[in-house]
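# What the coordinates show
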Amino acid sequence: MGLFDRLSRVVRANLNDMVSKAEDPEKMLEQAVSEMQEDLVQVRQAVARAIAEQRQTEQKYSKDQSEANKWEQRAKLALAKGDENLAREALKRKKDCTETAAILKNQLDQQTVQVDSLRKNLIALESKISEAKTKKNMLVARSRAAKANEELQKTLGSINTSSSVGAFERMEAKVIELEASSQAYGELEGIGIEHQFAALEAGSDVDDELAMLKAQMSGGALPPSTTSSQPTLPQAITVRDSVVDAELEELRSKLKEL
């Protein structure tokens, strides 16, 4: 392949690419419908001219037929009057008119076929243009929707969603961390109070027990408890022994009854 052929192919390829990119579907559809409308006007004009020529031929044909009939009647009249030469001349005129009428009849038949064909083409073109207009509106709507979707996809593609999602995840983790920290502080505060009260209660019990032991060893009366309204330890033991003795006597009585 020569250098000129390669260069020519490159130029054609670039031109085709430029034309393809420059083709806007909506504009091209409008242009196509406009051209079809122009074709429709031309076809209508052609049909109108053909119909006009057909009517002119039909008028000429009718006129020649009428002339032929008229000369035939004149020939009959001349023969009736005994003028054979005049009758012969009238028949020649009739023959000329008849031949002309035959030519016009052939032309009229051809024009009739042509007009019928043009009318069919006109109807087909009108139907095609009507269909093209409907399809054009649909294609334009689809083209606009496709362009809008393309712009939307470009916009979405330009947004850095990964960084946004990462920021949301970091903020969510931070909120969870703050909630856990707050809960932990609350629990620690509650534990501190519980421990303080437990220490106070434990200290009171030890002091009471220590005072009771001192009283037992010295043989004196037990000091009253400062933290509880329950009976002292010796009193509690006495009450417990009395209850046990009563239950023992009750069991003995039941055994004797058996």
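Structure report, in brief. (Residues numbered from 1 in each chain as written. Predicted model: local features only at pLDDT ≥ 70, side-chain atom pairs only at ≥ 80, totals over all residues. Heavy atoms only, no water.)

## Points about the overall build of the protein
- Per the secondary structure count, the protein includes five helices and zero strands.
- Taken from N to C terminus, the helices and strands of the protein fall in the order α-α-α-α-α.
- Counting the 258 residues in the protein, one finds 13% classified as buried.
- For the protein, restricting intrachain contacts to residue pairs at least 6 apart in sequence, the fraction spanning at least 24 positions comes to 67%.
- Only carbon and sulfur atoms are counted for the fraction: they give 57% of the accessible area of the protein, which is about 20800 Å². (Helix = DSSP H or I, 4+ residues; strand = E, 2+ residues; numbered from the N terminus. Buried < 20%, exposed > 50% of the residue type's maximum accessible area, 1.4 Å probe, protein only. Contact = heavy atoms within 4.5 Å. Areas by Shrake-Rupley, 256 points an atom, 1.4 Å probe, with all protein chains shown as cover.)

## Digging into the environment of Lys135
- The topology assignment puts Lys135 in helix H3 (residues 84-158).
- Expressed as a C-alpha distance, the spacing of Lys135 and Leu29, which sit 106 residues apart in the sequence, is 9.4 Å.

## So, the nonpolar core
- Met36, Leu40, Val47, Ala50, Ile51, Val115, Leu118, Leu122, Leu125 and Ile129 form the largest nonpolar core, which has ten residues in total.
- Among the elements of the structure, helix H2 (25-80) and H3 are those that each provide at least two residues to this core. (Core = buried A, V, L, I, M, F, W, Y, C linked by side-chain atoms within 4.5 Å.)

## Focus: the packing of aromatic side chains
- As enumerated under the stated definition, the model contains zero aromatic pairs in all.
- One cation-aromatic arrangement involves Arg74 over Trp71; the distance from NZ or CZ to the ring centre is 4.6 Å. (Phe/Tyr/Trp six-rings, centres within 6.5 Å; stacked < 30°, edge-to-face > 60°. Lys NZ or Arg CZ within 6 Å of the ring centre and 35° of its normal.)

## Let's talk about the pattern of salt bridges
- Going through the model one piece at a time under the given rule, you end up with seven salt bridges.
- Among the ionic pairs, Glu72 bridges to Lys94, the shortest N-O distance being 3.4 Å. Taken together, the residues Glu72 in helix H2 and Lys94 in helix H3 connect sequence positions 22 residues apart.
- The exposure class assigned to Glu72 is partly exposed, which follows from its relative accessible area of 24%.
- Note on Lys94: relative accessible area 23%, which makes it partly exposed.
- Among the ionic pairs, Asp109 bridges to Lys105, the shortest N-O distance being 2.9 Å. Of this pair, Asp109 and Lys105 both sit in helix H3, four residues apart, which is roughly one turn of that helix. (Salt bridge = Lys/Arg side-chain N within 4 Å of Asp/Glu carboxyl O.)

## Points about the side chain of Thr57
- Assignment of secondary structure puts Thr57 in helix H2.
- With near-sequence residues (within four places) excluded, Thr57 lies in contact with Leu104, Gln107, Leu108 and Gln111.

## Describing the environment of Lys94
- Taking the C-alpha atoms as reference points, Lys94 and Lys70, separated by 24 residues in sequence, lie 7.7 Å from one another.
- Not counting residues up to four positions away in its chain, the partners in contact with Lys94 are Ala68, Trp71 and Glu72.
- Within the structure, Lys94 has its side chain in polar contact with the side chain of Glu72 (distance 3.4 Å). (Polar contact = N/O pair within 3.5 Å; in protein donor to acceptor, adjacent residues only side chain to side chain.)

## Structural notes on the side chain of Gln54
- Structurally, Gln54 can be placed in helix H2.
- According to the relative accessible area criterion, Gln54 is buried, its value standing at 15%.
- Ignoring sequence-local partners within four residues, the contact set of Gln54 consists of Leu108, Gln111, Thr112 and Val115.

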